[in-house]
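# Coordinates in review
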Amino acid sequence: MINVIGLGYIGLPTALMLAASGNNVVGTDVNKGLVKTLNEGKTTFEEEGLDELFQEALSKGIKFSNDYQVTDKYIITVPTPYDKDNKKIDPVYVIKAVQTVLENCLENTLLIIESTVSPGTIDKYIRPLIEESKFTIGETIHLIHAPERILPGNMIHELRYNSRTIGADNLDKGQMVKEIYQTFCEADIAVTDIKTAEMSKVIENTFRDINIAFANELAKICDFDDMDVYEIIKVANMHPRVNILNPGPGVGGHCISVDPWFLVGDYPELTNIITTARHINDSMPDYVLKKVAQIMKEKNISDFSKVGVYGLTYKPNVDDTRESPTLQMFESMERHLSKPLKSYDPMVKNKIVENQVMDFNEFMDGLELVIIMVGHKHIIENSDRLDSVVVYDTQNIIPEAITL
Ligand code: SAJ
């Protein structure tokens, strides 16, 4: 039996996929409400194909519990936050999960850590825990790091078709874990050492962060000198070796805006491009605010109650608001002692900020300027509703709108 520990954005789909593919799976989470919801037959977040996969996994016998199971295979998918002050990873949840596994596991256990960790974390924090226990690494317990790569919004497809990395001390044990993932993953699976797996995961997200920062810097240059950044990127991307990403209002989510900081925290003297890219992406919400003030002046809109923000999530068609550019922008407003602007997001079902409304008509009522922060399908389908207002579109999805 495989016990998946941590049933969040990564753990839940992974547990479901394993179960749907014929593995005996129990999903464990310390959050009582979350396990209760799953046991009532409901999923805990929105993701394309998740509900169908959930039903399939249920029919194959997946179970959910608050308790760690007694078994010989664990996959740990708990979050790894970072300390905002010193930029270093805070492995507290992984440590707690490993400690609890050690209290429950059988001899000859495969302990697979999927959570993203900075290079060296497993040596520094996890190995010592096992060394202090009654188990022996490489004999009675086998340590594996198998970082995930799935993209929220396309998780179910990517679980099946993305290649993966498995880091192991012992390649035979790595091969055993590869066979578990091969029950659902149809792409290549590389087996390597643990530190390589840790580092490659973090630099994949750092690579994307740097490339988005480049697009954002281009957007600033083009805006300064009245050039069309989207046309320029389109033309440049016709070069066979150029692939510039999209500028936007900032980088959110719990991965790309966080993982590069692990490298900055560990190698402060060596991370120049990485640090600059982080600062550029973090500067975008304020940049949007400045531009809003400029548009309000130009269009003679003096009343903030006539300005609305569309989109609270960190990217289109997901309900995840972690580190979202809109929330970063509102935090910045609060730092300047002003209240968040009126906002609306069709994907966010709970009220999470002041002045958020839950109905699109109520949102549009009385607005003169709409700022599009997230390009949800919903706004593309309802773009005619924006005909009578000024639109500042940070996503370049609404024709004729003012862009970044
Ligand atoms: N963004 C831009 N411009 C772009 C692309 C993205 O501004 O051209 C913004 C998005 O709007 C969003 C942020 O970047 O705010 C991140 O979104 P994303 O879709 O690029 O990535 P995530 O954070 O949802 O998922 C990433 C993925 N990593 C890479 O593509 C290298 C995913 O494969 C990882 O599994 C995930 O991080 C993770 O869990 O680490």
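Residues numbered from 1 in each chain as written. Predicted model: local features only at pLDDT ≥ 70, side-chain atom pairs only at ≥ 80, totals over all residues. Heavy atoms only, no water.

### Focus: the overall build of the protein
The secondary structure content of the protein amounts to 14 helices and 13 strands. Radius of gyration (C-alpha) of the protein: 23 Å, near the 22 Å computed for a compact globule of 404 residues. Its C-alpha atoms put the protein at 70 × 50 × 45 Å along the principal axes. For the protein, the proportion of its 404 residues judged to be buried stands at 53%. Considering only contacts in the protein between residues 6 or more positions apart, those separated by 24 or more positions represent 68%. Of the roughly 18900 Å² of accessible surface on the protein, 50% is carried by carbon and sulfur atoms. If you average the places of the 39 positive and of the 60 negative side-chain charges in the protein, the two averages end up 1 Å apart. (Helix = DSSP H or I, 4+ residues; strand = E, 2+ residues; numbered from the N terminus. Rg over C-alpha atoms; globule rule 2.2 N^0.38 Å. Buried < 20%, exposed > 50% of the residue type's maximum accessible area, 1.4 Å probe, protein only. Contact = heavy atoms within 4.5 Å. Areas by Shrake-Rupley, 256 points an atom, 1.4 Å probe, with all protein chains shown as cover. Lys, Arg positive; Asp, Glu negative; His and termini not counted. Charge placed at Lys NZ, Arg CZ, Asp CG, Glu CD.)

### Quick look at the site of the ligand
Around the ligand sit 19 residues in total, of which Glu-148, Arg-149, Lys-201, Arg-208 and Tyr-314 are the nearest. The separation between an oxygen atom of the ligand and a polar side-chain atom of Lys-201 is 2.6 Å. In isolation the ligand exposes 770 Å². Once the protein is present, 87% of that is buried. Taking a 2 Å distance to the grid points as the criterion, the majority of the atoms of the ligand fall inside the largest pocket. For the shell around the ligand, a count of residues per class yields 9 nonpolar, 4 polar and 6 charged. There are two domains that each give the shell around the ligand at least three residues, and those are domain 1 (2–192) and domain 2 (204–403). (Near = heavy atom within 4 Å. Polar contact = N/O pair within 3.5 Å; in protein donor to acceptor, adjacent residues only side chain to side chain. 1 Å grid on protein atoms, 1.4 Å probe; cavity = no way out; pocket = protein on both sides within 12 Å on 5 of 7 lines; lining within 4 Å. Sits in = over half its atoms within 2 Å of the grid points. Nonpolar A, V, L, I, M, F, W, Y, C, P; charged D, E, K, R; others polar. Domains from an automatic or database assignment.)

### Here we look at the packing of helix α10 (residues 259–266) against helix α11 (residues 272–298)
The geometry of α10 relative to α11 is characterised by a closest axis approach of 9 Å and an angle of 135 degrees between their N-to-C directions. Classified by the angle between their axes, α10 and α11 sit oblique to one another. α11 is crossed by α10, and the crossing has left-handed handedness. Seen from α10, the contacting residues are Pro-260, Trp-261, Leu-263 and Val-264; seen from α11, they are Ile-274, Thr-275, Arg-278, His-279 and Asp-282. Counted by class, the contact of α10 with α11 contains 5 nonpolar, 2 polar and 2 charged residues. (Axes fitted to C-alpha atoms, helices over the stretch in contact; angles between N-to-C directions. Parallel < 35°, antiparallel > 145°, perpendicular 65-115°, else oblique. Left-handed = near helix turned anticlockwise from the far one by under 90°.)

### Thoughts on the domain arrangement of the protein
What the domain assignment lists for the protein is domain 1 (2–192) and domain 2 (204–403). For the pair domain 1 and domain 2, the summed buried area comes to about 1700 Å², and 54% of that belongs to carbon and sulfur atoms. Its largest share of buried area at the contact with domain 2, domain 1 owes to Glu-46, Tyr-82 and Lys-87, together 33% of the area lost on that side. Applying the counting rule to domain 1 against domain 2 returns 1 salt bridge. Note that Arg-149 and Glu-204 form a salt bridge whose closest N and O atoms lie 2.7 Å from each other. Applying the counting criterion to the domain 1 and domain 2 interface returns 3 residue pairs in polar contact (both at pLDDT 80 or more). Across the side of domain 1 that touches domain 2, the residue classes break down as 9 nonpolar, 5 polar and 6 charged. (Buried area = accessible area lost by both parts, 1.4 Å probe. Salt bridge = Lys/Arg side-chain N within 4 Å of Asp/Glu carboxyl O.)

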